[in-house]
Amino acid sequence: DYFWYIKALRLFDCIVSGAKLRDAEIECAQTSYGKQHYVSALDYECIHQLIGTCGVVVEDDEDKEDEKAEYECVDMNTTMAMRSMTCTPTYVKSLFAAFAESKKELCFDLDIIDVEFEGIKPFLLCAECSNLIQIDKICALFKNCSKITILGVHAMGDAFLQHLNAMMK
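Everything quoted here is computed from the prediction, not taken from an experiment.

A few points about the overall build of the chain
Summing up its helical and strand segments, the chain has nine helices and four strands in all. Each helix and strand of the chain, ordered N terminal to C terminal, gives the series α-β-β-α-α-α-α-β-α-α-α-β-α. Looking at the chain residue by residue over its 169 residues, the buried ones come to 42%. The contacts of the chain with a sequence gap of at least 6 include a subset with a gap of at least 24, amounting to 76%. Only carbon and sulfur atoms are counted for the fraction: they give 51% of the accessible area of the chain, which is about 9700 Å².

Observations regarding the nonpolar core
One finds Phe12, Ile47, Phe108, Phe117, Ile120 and Phe142 to be the most contacted residues of the largest nonpolar core, which totals 44 residues. Put simply, the parts of the chain that give this core at least two residues each are helix H1 (3-17), helix H2 (41-53), helix H5 (90-102), strand E3 (105-109), helix H6 (110-116), helix H7 (121-124), helix H8 (135-141) and helix H9 (158-168). For this core, the leading source of residues is H1, giving nine residues. Setting aside anything within four residues of it in sequence, one finds isoleucine 47 in contact with Ala8, Leu11, Phe12, Ile15 and Ile120.

Examining the pattern of salt bridges
Evaluation of the coordinates by the stated rule reveals three salt bridges. Salt-bridge contacts for lysine 103 lead to aspartate 13; the nearest nitrogen and oxygen are separated by 2.7 Å. On the criterion of sequence distance, the pair formed by lysine 103 in the loop between H5 and E3 and aspartate 13 in helix H1 is long-range, its members being 90 residues apart. Accessibility expressed as a relative area gives 15% for lysine 103, which makes it buried. Residue classification places aspartate 13 among the partly exposed positions, given a relative accessible area of 28%. Lysine 121 is paired through a salt bridge with aspartate 114; the nearest N and O atoms lie 2.3 Å apart. When its relative accessible area of 23% is taken as the criterion, lysine 121 is described as partly exposed.

Describing the pairing of E3
Within E3, four of the five residues are buried, which leaves the element mostly enclosed by the surrounding structure. Sheet topology places E3 next to strand E4 (residues 147-151); five bridges connect them, and they run parallel. Its bridge partner lying in E4, cysteine 107 is registered against threonine 149.

Considerations on the packing of H1 against H2
In contact at an axis separation of 9 Å, H1 and H2 are set at 85° when each is read in the N-to-C sense. Taken together, H1 and H2 sit at an angle that is classed as roughly perpendicular. Counted together, Trp4, Tyr5, Lys7, Ala8, Leu9, Leu11, Phe12 and Ile15 of H1 and Leu42, Asp43, Cys46, Ile47, Gln49, Leu50 and Ile51 of H2 form the full contact between these two elements. Partitioning the contact of H1 with H2 into residue classes produces 12 nonpolar, one polar and two charged.

Looking at the packing of aromatic side chains
Scanning the entire structure with this criterion turns up seven aromatic pairs. Centre to centre, the rings of tyrosine 2 and tyrosine 91 are 5.0 Å apart; their planes meet at 40°, and the pair counts as tilted. Of this pair, tyrosine 2 sits in the segment before H1 while tyrosine 91 is found in helix H5, placing the two residues 89 residues apart along the sequence. Connected via pairs of aromatic rings, a cluster forms that spans Phe12, Phe96, Phe99 and Phe142.

The rules behind these values
- All residue numbers here refer to positions counted from 1 along the written sequence of the relevant chain.
- Predicted model: local features are reported for residues with pLDDT of at least 70 only, side-chain atom pairs are reported and counted for 80 or more only, and whole-chain, interface and lining totals are derived from all residues.
- Only hydrogens and water are set aside when side-chain values are computed; all heavy atoms of the structure are taken into account.
- Each helix corresponds to a stretch of at least 4 residues labelled H or I by DSSP, and each strand to a stretch of at least 2 residues labelled E; elements are numbered beginning at the N terminus.
- Burial classes follow relative accessibility: with a 1.4 Å probe on protein chains only, a residue under 20% of its type's maximum area counts as buried, one over 50% as exposed, and anything between as partly exposed.
- Contact definition: two residues touch when any of their heavy atoms are within 4.5 Å.
- The method behind every accessible area is Shrake-Rupley, applied with a 1.4 Å probe, and residues are considered shielded solely by the protein chains displayed.
- Here, nonpolar core means buried Ala, Val, Leu, Ile, Met, Phe, Trp, Tyr and Cys residues that are tied together by side-chain atoms lying within 4.5 Å of each other.
- Each reported salt bridge corresponds to a side-chain nitrogen of Lys or Arg within 4 Å of a carboxyl oxygen of Asp or Glu.
- Note on pairing: two strands pair once DSSP finds at least 2 bridges between them.
- Only the stretch in contact is used when a helix axis is fitted, and all axes are lines through C-alpha atoms; the angle between N-to-C directions ranges over 0 to 180 degrees.
- Working definition: roughly parallel below 35 degrees, roughly antiparallel above 145 degrees, roughly perpendicular at 65 to 115 degrees, and oblique for all remaining angles.
- In this classification, Asp, Glu, Lys and Arg are treated as charged, Ala, Val, Leu, Ile, Met, Phe, Trp, Tyr, Cys and Pro as nonpolar, and every other residue, Gly included, as polar.
- Each pair of aromatic rings taken from Phe, Tyr and Trp, with Trp reduced to its six-membered ring, is defined by centres within 6.5 Å and is described as stacked if the planes are under 30 degrees apart, edge-to-face if over 60, and tilted in the remaining cases.

Structure below.
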């Protein structure tokens, strides 16, 4: 079943395009409390797994036991999907590689990420500077990208500039 991978790919496309969730037609899961979750912990794990299929290693500080507990809180179907997702299907790897290869321009809106895609931060943002995209990892993933726009940075102190300079080398 490719549902979780395709959903994760569509979410990641929103993230790298600077789009809001409401601008994309993404199916959501209904919890037992009636609250809708457009993005779950499983979606972020799928995105992380897809990034890994392209050989890009993104450090993640999250405790794996906490993540597992969070998955199991979503619902039984999500838990079963997570357990069955031990390796990425070849078709999905090819699809994600084509997606990454086709992106010529990227746009990250940190304000949107902060509000709508908070779970992507450990994979996308520098651990030392919460408003700095791991540009080195993004460039490794999107090899044909010629333009990256980052919105919502707000404050760029000395630490920000030092980390950005180190990534650019």
